[in-house]
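For reference, the chains in residue letters:
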Amino acid sequence: MTTSPSTDFRALSLNEPRYAGFSISTATFKTVAGSGGKQHSIDAYIMVPKSASTPSAARKVLVKFHGGFFVTGAALYPDWFAGWLLEYALEQDAVIVAPNYRLIPEATAVDILEDVLDFWRWLADSGEAGLQAHVSTAHSGVALDLSRVVAVGESAGGQLALLSALELGRYGDGAGGVAGHPGSAFSGLRAVIAQYPAVDIEGFGTPPEAGVIPPIVYEEHVRTLPDGDVVSEIFPMARMGVALSMVQNKAFPRFFGDEKRMWLLKRIAESPAVTSTPYQLILHGADDPLVPVKGSYAYHKAAKDAWGEGVVDLVVQPGGHGFDGATSLSSDWIRTALQKITALWRD
């Protein structure tokens, strides 16, 4: 899909041919104060398969966080949905729930963490303001099985999926005090799929063709921000220059600060004890210049040291960032990699 920064890409995304198998609705899961005293809505997209092998059965849930260096992007941007992932949701009769979240530099890591946790609270809420109530209204006859939730994300979204695993814990043992609601079936994650996750915030890279991007690019953006401005959804290329300038000039610690819960490698090393950690599958391209694979190797080792064998699996394939974008579910390597996820989601 080719667009320009000024294009209403949300409308284009809703009509994306790759989403033809889904009925899509939009729900606001949170509002925050924005510029000029106005309220800013943070939305999630709900993608319900139009056909199901057992229409009357409650549907599994696949929560998908988008990437974009935490600086740019949108939950429904189609180029960041791997082909195999859409096919997998259709095969599994799974409803995709894709939330936006506040983006830096207007926001900070603390804001992003708050949005992620508030999203999970909304998902768990069994009342009139929760996800299931929206689905019942917008998608007649569809019920969600909140005991079967898997989180997935690419790049920065992969980090947020792994973050969710640490915050919420494994189904049946987790979510205490974070997402738990009386009467809700949600009590943690069955599993997580992290595609080239940005676990090392200081380890971001830029593609060789980007050249040298001076700090003035992001500094000028920050300097001219309106007071109270909030951005939670934007055409990715509109801010890619700002993102790459921040990467090259090591600006991320300024916005991530000492919020230790967001620095996953440090978090596992310093506080490895997690009551119950869900299974995590990491997929990464061996030649990724934006999120080097060494970060995933480091996470895999840290997880093994902290939790033992089998909690985190790492699958490395040839290719760069987004290497799996055109991968079909019929590819042997992805089908094999997903076997444990499928079993955990089913049982």
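Note that the structure is predicted; figures quoted are calculated from it, not measured.

Rules used in this analysis
- Residues numbered from 1 in each chain as written.
- Predicted model: local features only at pLDDT ≥ 70, side-chain atom pairs only at ≥ 80, totals over all residues.
- Heavy atoms only, no water.
- Helix = DSSP H or I, 4+ residues; strand = E, 2+ residues; numbered from the N terminus.
- Rg over C-alpha atoms; globule rule 2.2 N^0.38 Å.
- Buried < 20%, exposed > 50% of the residue type's maximum accessible area, 1.4 Å probe, protein only.
- Contact = heavy atoms within 4.5 Å.
- 1 Å grid on protein atoms, 1.4 Å probe; cavity = no way out; pocket = protein on both sides within 12 Å on 5 of 7 lines; lining within 4 Å.
- Points joined across faces, edges and corners; volume = space filled by probe spheres on them.
- Nonpolar A, V, L, I, M, F, W, Y, C, P; charged D, E, K, R; others polar.
- Salt bridge = Lys/Arg side-chain N within 4 Å of Asp/Glu carboxyl O.

### Focus on the overall build of the chain
Within the chain one finds 12 helices and 8 strands. By the compact-globule yardstick of 20 Å for 347 residues, the chain fits well, its C-alpha radius of gyration being 19 Å. Expressed along its principal axes, the backbone C-alpha trace of the chain runs to roughly 55 × 45 × 40 Å. Evaluated residue by residue, the chain yields a buried proportion of 56% over its 347 residues. Across the chain, the fraction of contacts at a sequence separation of at least 24, relative to all contacts at a separation of at least 6, is 79%.

### As for the environment of P49
Residue placement: P49 occurs in strand β2 (residues 39–49). C-alpha of P49 to C-alpha of L344: the two residues are 295 residues apart in sequence and 21 Å apart in space. The residues touching P49, leaving out its near neighbours within four places in the chain, are G21, F22, R59, A89, L90, D93, A94 and V95.

### A few points about the layout of surface pockets
Counted as a void, the largest pocket has a volume near 330 Å³. If you trace the largest pocket, you find 19 residues lining it, with W80, Y196, L290, H321 and G322 closest to the centre. When grouped by side-chain class, the residues that make up the lining of the largest pocket number 9 nonpolar, 6 polar and 4 charged.

### Remarks on unusual backbone geometry
For the peptide bond that leads from I104 to P105, omega is 15°, which places it in the cis range. A positive phi angle is found at Y196, which is not glycine, with a value near 40°. Turning to its location among the elements, Y196 is positioned in the loop between β6 (191–195) and α6 (216–223). Take Y196: its relative accessible area is 5%, and that puts it in the buried class.

### Regarding the pattern of salt bridges
For the coordinates displayed, the defined rule picks out 15 salt bridges. Where R239 meets E106, a salt bridge forms, and the shortest distance between an N and an O atom there is 2.8 Å. Taken together, the positions of R239 in the loop between α6 and α7 (240–248) and E106 in the loop between β4 (94–99) and α3 (109–124) put the pair 133 residues apart, joining distant regions of the chain. Each member of the pair, R239 as well as E106, is classed as buried. A salt bridge links R261 to E167; its shortest N-O distance comes to 2.7 Å. Here the residue R261 occupies a position in the loop between α8 (252–256) and α9 (264–270), and E167 occupies one in helix α5 (residues 156–168), the gap between them amounting to 94 residues. Through salt bridges with shared partners, a single ionic network connects K30, R102, D111, E114, D115, D118 and R121.

### Comments concerning empty space enclosed by the protein
The final tally for this structure, using the stated rule, is 1 cavity of 30 Å³ or more. Considering only enclosed or pocket space, the largest cavity measures out at about 50 Å³ in volume. Every residue along the wall of the largest cavity is listed here: P197, A198, V199, D200, G203, V291, P292, K294, G295 and S296.

Interpretation in functional terms is not warranted from these geometric data alone.
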